[in-house]
Amino acid sequence: MAISMEQARTVLAAAKSEAADAEHFTGERLDGGWVFTWSADGDVPLGTTTWVVADNGAVRPLGFRDTPQSALAALGAG
C-alpha cells in the first residue's frame, strides 16, 4: 500500500532527515515510494542529500552511485 507524502515526511522526521522540511525539499512519487530533493532557490548547501522513503516505511539517503529506483529496490519496495 502506498504511503502519502505526509506519512513519508513523518518517517523522514523520525530519521532526523533534513528532507522532512517541506519548505526546502520537494517530494516526488515513484513506484514503491517517494524521493525528496532540495528545491529551494539558490545553491544547494554543501552536504545536502536526496532521501528516499519506501512504501514499507524504510528510509535512507541516496548514495553516490544510487538512483532513486535502485535505493527503493534495496529498501524492499516494489
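Structure: above.
Worth saying up front: this structure is predicted, and the values here are computed from it rather than measured.

K.L.:
Which residues make up the nonpolar core, and what are the values?
P.N.:
Counting residues in each nonpolar core, the largest one holds 9 residues, listed as Ile3, Ala8, Leu12, Ala19, Phe25, Trp34, Phe36, Trp51 and Val53. Non-local contacts of Leu12, meaning those with residues more than four positions away in its chain, are made with Ser17, Ala19, Ala20, Phe36, Trp51, Val53 and Val59.

K.L.:
Give me the pattern of salt bridges: which residues, what numbers.
P.N.:
Considering all chains together, one arrives at 2 salt bridges under this definition. Taking the shortest distance from any N to any O, the salt bridge between Arg29 and Asp55 comes out at 2.7 Å. Of this pair, Arg29 sits in strand E1 (residues 25-30) while Asp55 is found in the loop between strand E3 (51-54) and strand E4 (59-61), placing the two residues 26 residues apart along the sequence. Of the charged contacts, one joins Arg60 and Asp66 as a salt bridge, the two residues approaching to 2.3 Å between their closest N and O atoms.

K.L.:
Tell me what's going on with the pairing of E3, and back it up with residues and numbers.
P.N.:
Going residue by residue along E3, you find Trp51 and Val53 tucked away on one face and Val52 and Ala54 tucked away on the opposite face as well. Bridge count between strand E2 (residues 33-38) and E3: 4 bridges; the pairing is antiparallel. Looking at E3, one finds that Val35 is bridged to Val52. Examined bridge by bridge, E3 and E4 share 3 bridges and lie antiparallel to one another. Each residue of the ladder has a partner; that of Trp51, found in E4, is Pro61. The antiparallel pairing of E3 with E4 creates a hairpin that spans 4 residues between the two strands, and Gly57 there sits at a positive phi of about 90 degrees.

The rules behind each value
- Residues numbered from 1 in each chain as written.
- Predicted model: local features only at pLDDT ≥ 70, side-chain atom pairs only at ≥ 80, totals over all residues.
- Heavy atoms only, no water.
- Core = buried A, V, L, I, M, F, W, Y, C linked by side-chain atoms within 4.5 Å.
- Buried < 20%, exposed > 50% of the residue type's maximum accessible area, 1.4 Å probe, protein only.
- Contact = heavy atoms within 4.5 Å.
- Salt bridge = Lys/Arg side-chain N within 4 Å of Asp/Glu carboxyl O.
- Helix = DSSP H or I, 4+ residues; strand = E, 2+ residues; numbered from the N terminus.
- Pairing = 2+ DSSP bridges.

Shape descriptors only; they carry no functional weight alone.
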